[in-house]
Amino acid sequence: AIRVGILTSGGDCPGLNASMGDKVEIVGIMNGYDGLINGNYREMSPDEFSGILTVGGTILGTKRTPFKKMRVVEDDKVDKVAAMKKNYRAAKLDCL
């Protein structure tokens, strides 16, 4: 199986609910890139996707984290890119 990290970072993402296959392990990253930066993710089971194809919104939550600021270390002193790479490895993802 391939281990896929899924996040919703704002904006349209049509068809995401229907994209899950049989040989895929899904890791849901909560609240978009903020969840990847802060290590807020969880393994998800297929029953969590059942019946949501026609439902709008996101079951993972979303939070605006401007991409253009990803490489900027702000007052919180968090290197966002380094944190995302660390959490990507910690979650043992094959792709995002």
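Each remark here, short or long, concerns the structure printed above.
The structure contained in this document is the topic of the report that follows. What you see is a predicted model; the values in this text were computed from it and never measured.

**Some remarks on the overall build of the protein**
Piece 1. Across its full length, the protein carries two helices and three strands.
Piece 2. Tracing the protein from N to C terminus, the helices and strands come up as β-β-α-β-α.
Piece 3. Counting only residues that meet the buried cut, the protein has 31% of its 96 residues in that class.
Piece 4. A sequence separation of at least 24 residues applies to 57% of the contacts in the protein between residues at least 6 apart.
Piece 5. Approximately 6500 Å² of the protein is accessible, and the part contributed by carbon and sulfur atoms is 51%.

**A word on the side chain of arginine 3**
Piece 1. Tracing the chain through its elements places arginine 3 in strand β1 (residues 2-6).
Piece 2. In terms of polar contacts, arginine 3 uses its side chain to reach the side chain of glutamate 43, at 3.2 Å.
Piece 3. Each residue touching arginine 3, except ones within four places of it in the same chain, is listed here: Glu25, Val27, Glu43, Ala91, Lys92, Leu93, Asp94 and Cys95.

Definitions and limits used
Along each chain, numbering runs from 1 in the same order as the chain's sequence is written. It should be noted that, the model being predicted, local features are given only for residues of pLDDT at least 70 and side-chain atom pairs only at 80 or more, the latter also being counted only at that level, while totals for whole chains, interfaces and linings use all residues. Side-chain numbers come from the whole structure's heavy atoms, not from hydrogens or water. Numbering of helices and strands runs from the N terminus, with a helix taken as a DSSP run of H or I at least four residues long and a strand as a DSSP run of E at least two residues long. Only protein chains enter the accessibility calculation, which uses a 1.4 Å probe. A residue is then buried if its area is under 20% of the maximum for its type, exposed if over 50%, and partly exposed in between. By the convention used here, residues are in contact when the closest approach between their heavy atoms is within 4.5 Å. Method for areas: the Shrake-Rupley scheme with a 1.4 Å probe, in which residue coverage is limited to the protein chains shown. Throughout this description, a polar contact denotes any pair of N or O atoms lying within 3.5 Å of each other; where both atoms belong to protein, one of them has to be capable of donating a hydrogen while the other can accept it, and for residues adjacent in sequence the pair is counted only when both atoms sit in side chains.

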